[in-house]
Amino acid sequence: MYPLLNPLPLPRAFRAALVAFAVVWGEAHAQLSIEITGGGANQIPIVIVPFAGEAALQPNLSDVVEADLARSGLFRTLYAGPQSPPVNEATKVDLATWRARTADALVVGGVYPAQGGRYEVRFRLYDVPKQVSLGGVAYTITPAQARATAHRIADFVYEKLTGDRGVFSTRIAYVVKAGPRYQLQIADADGANPQVAITSNESIISPTWSPDGTRLAYVSFEAKKPVVYVHSLATGQRRAVASFRGSNSAPAWSPDGNRLAVALSREGGTQLFLLNADGTGLRRLSSSPSIDTEPQFSPDGKWIYFTSDRGGSPQIYRVSTEGGAVERVTFAGDYNVTPRLSPDGQSLVFVTRSSGRFQVASMDLATRQTQVLTDGARDESPSFAPNGKMILYASDAGGRGVLAATSSDGRVKQRLSVPAADVREPAWGPFPPN
Amino acid sequence: MRKILLVATMSAVLAGCQATPEAEKPAGVEDRRPGAVTTPTTPSTSPGTQPVRPSTMSGNPLKDPSSVLSKRSIYFDFDRDDIKPEFVPLVEAHGKYLRENRGAKMLIQGNADERGSREYNLGLGQRRSDAIKKRLMLLGATEVQIESVSLGEEKPMCADHNEDCWYKNRRGDMLYGGEY
């Protein structure tokens, strides 16, 4: 009946993860609200027609798809309104009519009851000027998976129309400080569904996702000093993997998820070390009288980029993971910190200070050309989306910590805030398993 | 509370003290030149002549407000980890205490102001706690007695965004067992 649409249930790992969150974590009280403060130069005009029968699920799938695409800054969503008679993925749509309404792309779909309280969700994407279908997908889901399914539809549309993989199904981690209480929270990339991973009366900083998205490493001060933990999201269990005498901080995962780079003071000063993700196999990587910290693996696993003040001011350097000669990477200015490599390894974002303002900058590693991407005064902790197209960072609005995001070309800007709380230390998670 | 106590006792006097103690005040300027020291503008209010002695009330000089040993915090200039002259007597008193009380254990928490990267600020705080530890060991304290750690910018004593506040946050706290 729908020859182009193959029923495709959500992968088992994905379903299991949804269940685990519901069981293990408490609900967070306040959700991040997102405000878009800029747009791409050439936004694609798109219509998301309300899906036939979508009132059976909450939230409305078409609303979530539309909000996702609009938030990316790359789409201009046009209002379709209720269709009579209802339009679904099987309807022979009159694309000329939609062309007249200036749409370049059209999404239609439907929600159908299936066995065992489940639903089938089907949709189709059209290229309106070319008057062709760009394909569609069908999912069999439980009602609880409605929002996740809408994100996957948005991912499909985004990839078909921009050529880049969408990040609407990814999650973000961040720290919320409300009064004396710190919470490490995890939410969908649109700020929905916030969950508390851990609550503490002491600070939590530097959360970072394992490459497979199953664990977070972070620094907690609950022992009255910084200790590095690895926290399993499915079980809520955690383990202090670096709790040596002195300070333990700045965890970074190796691309294979087997090792961590950390900054430790156990041998004096703040120096880089490597250890296995279970805390064994400690090996010293740097040896200097300076502060060496904020290690970050290159995506190919060959280099560690890091911050050091060995030259008199904090700058970014790199060293082979096998050790050896250290190369300086940043030269302009007297404060360049927090190196973060793009997923393709071709660019570096970092925090730079000029005229007392801290902002996120991007450097093309081949040409060394540098561009300041943000315009705040206290911007820090940049984190790449897994498709490399957006960078999430911590900023400041009226003395309160907020999260902000910028496209990697600096054009699209978003601000994410939680009412009456400080939000900081964002980390964008990896793509979900397929 | 701790701040009030500090101001109240800062001008009280130190045993074996060579330098004239200064009333605590926030640094007025940042100076990154090597060897630069912030010049205090408030004159000291009492000369350093009173000896440290165990309190007859508590018997514990660490808790006797009239003893320099009751003080725990020293303050640093911007981007610096050298112990300023006005804090040398305080560090010396604790070094002497640790030398004479081998069972005493100390955690030194170094702190930084809020500007810049949290992780780099952890490094700056560590440098400050390491500097205090090194000085205490020169005075006869032993490695096993002292752990130096950093809280970076995570535990500000003062929450405003100005130099007076930042000075209070560039701090090293010397805490004995049971105090943290």
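Because the structure is predicted, anything quoted here is derived from the model rather than measured.

Each value, and the rule that gives it
- Residues numbered from 1 in each chain as written.
- Chains lettered and ligands numbered in written order.
- Predicted model: local features only at pLDDT ≥ 70, side-chain atom pairs only at ≥ 80, totals over all residues.
- Helix = DSSP H or I, 4+ residues; strand = E, 2+ residues; numbered from the N terminus.
- Rg over C-alpha atoms; globule rule 2.2 N^0.38 Å.
- Contact = placed C-beta atoms within 7 Å.
- Buried ≥ 20, exposed ≤ 12 C-beta atoms within 10 Å, placed from the backbone.
- Axes fitted to C-alpha atoms, helices over the stretch in contact; angles between N-to-C directions.
- Parallel < 35°, antiparallel > 145°, perpendicular 65-115°, else oblique.
- Left-handed = near helix turned anticlockwise from the far one by under 90°.
- Nonpolar A, V, L, I, M, F, W, Y, C, P; charged D, E, K, R; others polar.
- Pairing = 2+ DSSP bridges.
- Core = buried A, V, L, I, M, F, W, Y, C linked by C-beta atoms within 7 Å.
- Domains from an automatic or database assignment.
- pLDDT = per-residue confidence, 0-100.

> Which residues make up the overall build of chain A, and what are the values?
Tallying secondary structure elements over chain A gives four helices and 31 strands in all. Its C-alpha radius of gyration of 23 Å places chain A within 12% of the 22 Å reference for a compact globule of 434 residues. Reported as C-alpha extents along the three principal axes, the dimensions of chain A are approximately 75 × 45 × 40 Å. Across chain A, every contact between residues at least 6 apart in sequence was considered, and the portion connecting residues at least 24 apart equals 47%.

> Describe the overall build of chain B, with residues and values.
Scanning chain B from terminus to terminus reveals four helices and four strands. When its helices and strands are written in sequence order, chain B yields α-β-α-β-α-β-α-β. Taking all 180 residues of chain B together, 42% fall into the buried category. A sequence separation of at least 24 residues applies to 67% of the contacts in chain B between residues at least 6 apart.

> Can you lay out the packing of helix α2 (residues 88-100) of chain B against helix α3 (residues 118-138) of chain B for me, pointing to particular residues and giving the numbers?
Residues and elements named next belong to chain B. Running from N to C, α2 and α3 point in directions that differ by 55 degrees, and their axes come no closer than 8 Å. Comparing their axes, α3 and α2 come out oblique. Helix-helix and strand crossings are classified by hand; for α2 and α3 the assignment is right-handed. Each of V91, H94, G95 and L98 in α2 lies in contact with α3, whose residues at this interface are I132, R135 and L136. Here the residues of the contact of α2 with α3 are counted per class, giving four nonpolar, two polar and one charged.

> How would you summarise the environment of K224 of chain A if you had to cite specific residues and measurements?
Assignment of secondary structure puts K224 of chain A in the loop between β12 (215-220) and β13 (227-232). Apart from residues no more than four positions distant in its own chain, K224 of chain A is found in contact with L107 and Y180 of chain B.

> Report on the sheet that holds strand β17 (residues 271-276) of chain A, specifying residues and quantitative values.
All names here are of chain A. Pairing in this open sheet of four strands is antiparallel, and the strands run β15-β16-β17-β18 from one edge to the other. Each edge of the sheet is formed by a strand with only one pairing partner; in this case those strands are β15 (248-253) and β18 (283-284). Two elements, strand β16 (residues 259-264) and β17, share six bridges in a ladder whose sense is antiparallel. Looking at β17, one finds that A261 is bridged to L274.

> Outline the nonpolar core, listing residues and values.
Residue and element names in this part refer to chain A. The biggest cluster of nonpolar side chains holds 122 residues, and the ones touching the most others in it are L61, V65, L106 and V262. Among the domains, domain 1 (38-162) and domain 2 (171-428) are the pair contributing at least three residues each to this core. In this structure, V65 is in contact with I48, V107, A150, I153, A154 and V157, ignoring residues within four places of it in sequence.

> Tell me what's going on with the sheet that holds strand β23 (residues 336-341) of chain A, and back it up with residues and numbers.
Residues and elements named next belong to chain A. Taken together, the four strands give an open sheet; going across it, the order is β23-β24-β25-β26, and neighbouring strands pair in antiparallel fashion. The sheet is open, and its two edges are formed by β23 and β26 (370-372), each paired on a single side. Taking the axes of each pair of neighbouring strands and ignoring which way they run, one obtains an average angle of 25 degrees across the sheet. In terms of strand pairing, strand β25 (residues 357-364) meets β26 through three bridges, oriented antiparallel. Paired with A361 across the bridge in β26 is V372.

> Which residues make up the domain arrangement of chain A, and what values go with them?
Here chain A is described as being made up of domain 1 (38-162) and domain 2 (171-428). On a C-alpha basis, the centres of domain 1 of chain A and domain 2 of chain A stand 36 Å from each other.

> I'd like to hear about the environment of L216 of chain A, residue by residue, with values.
All names here are of chain A. Here L216 is to be found in strand β12. Taking the C-alpha atoms as reference points, L216 and V329, 113 residues apart in sequence, are found 28 Å from one another. Those residues in contact with L216 that lie beyond four places of it in its chain are A173, A197, P207, T208, W209, H231 and L233.

> How would you sum up the interface of chain B and chain A? Please name residues and give values.
Listed per partner, the contact involves 18 residues of chain B and 29 residues of chain A. For the side of chain B that touches chain A, the element with the highest residue contribution is α3 of chain B, accounting for eight residues. Across the side of chain B that touches chain A, the residue classes tally to six nonpolar, six polar and six charged.

> Quick rundown of the confidence of the model for chain A? Include the residues and the values.
Detailed conclusions should not be drawn from predicted coordinates in areas where pLDDT is low. The share of residues in chain A with pLDDT of 70 or more is 91%, and the mean pLDDT across the chain is 90. Note on residues 1-25 of chain A: pLDDT is under 50 here. Beyond four places in sequence and across chains, it has 39 contacts.

> An account of the packing of helix α2 (residues 61-71) of chain A against helix α4 (residues 146-162) of chain A is needed here, citing residue identities and associated values.
Residues and elements named next belong to chain A. Direction vectors running N to C along α2 and α4 enclose 45 degrees, while the axes themselves pass 8 Å from each other. Between α2 and α4, the crossing angle belongs to the class labelled oblique. Seen from above, α2 lies across α4 with right-handed handedness. Contact residues: L61, V64, V65, D68 and L69 in α2; A146, R147, T149, A150, H151, I153, A154, V157 and Y158 in α4. The class makeup of the residues in the contact of α2 with α4 is 10 nonpolar, two polar and two charged.

> Which residues make up the pairing of strand β27 (residues 380-384) of chain A, and what are the values?
All names here are of chain A. Of all five residues that make up β27, five are buried, and the element is covered over most of its length. In the sheet, β27 pairs with strand β28 (residues 390-397) via three bridges, with the strands oriented antiparallel. When the bridges of β28 are listed, F384 appears paired with I391. Counted between consecutive antiparallel strands, the loop separating β27 from β28 contains five residues, among which G388 sits at a positive phi close to 75 degrees.

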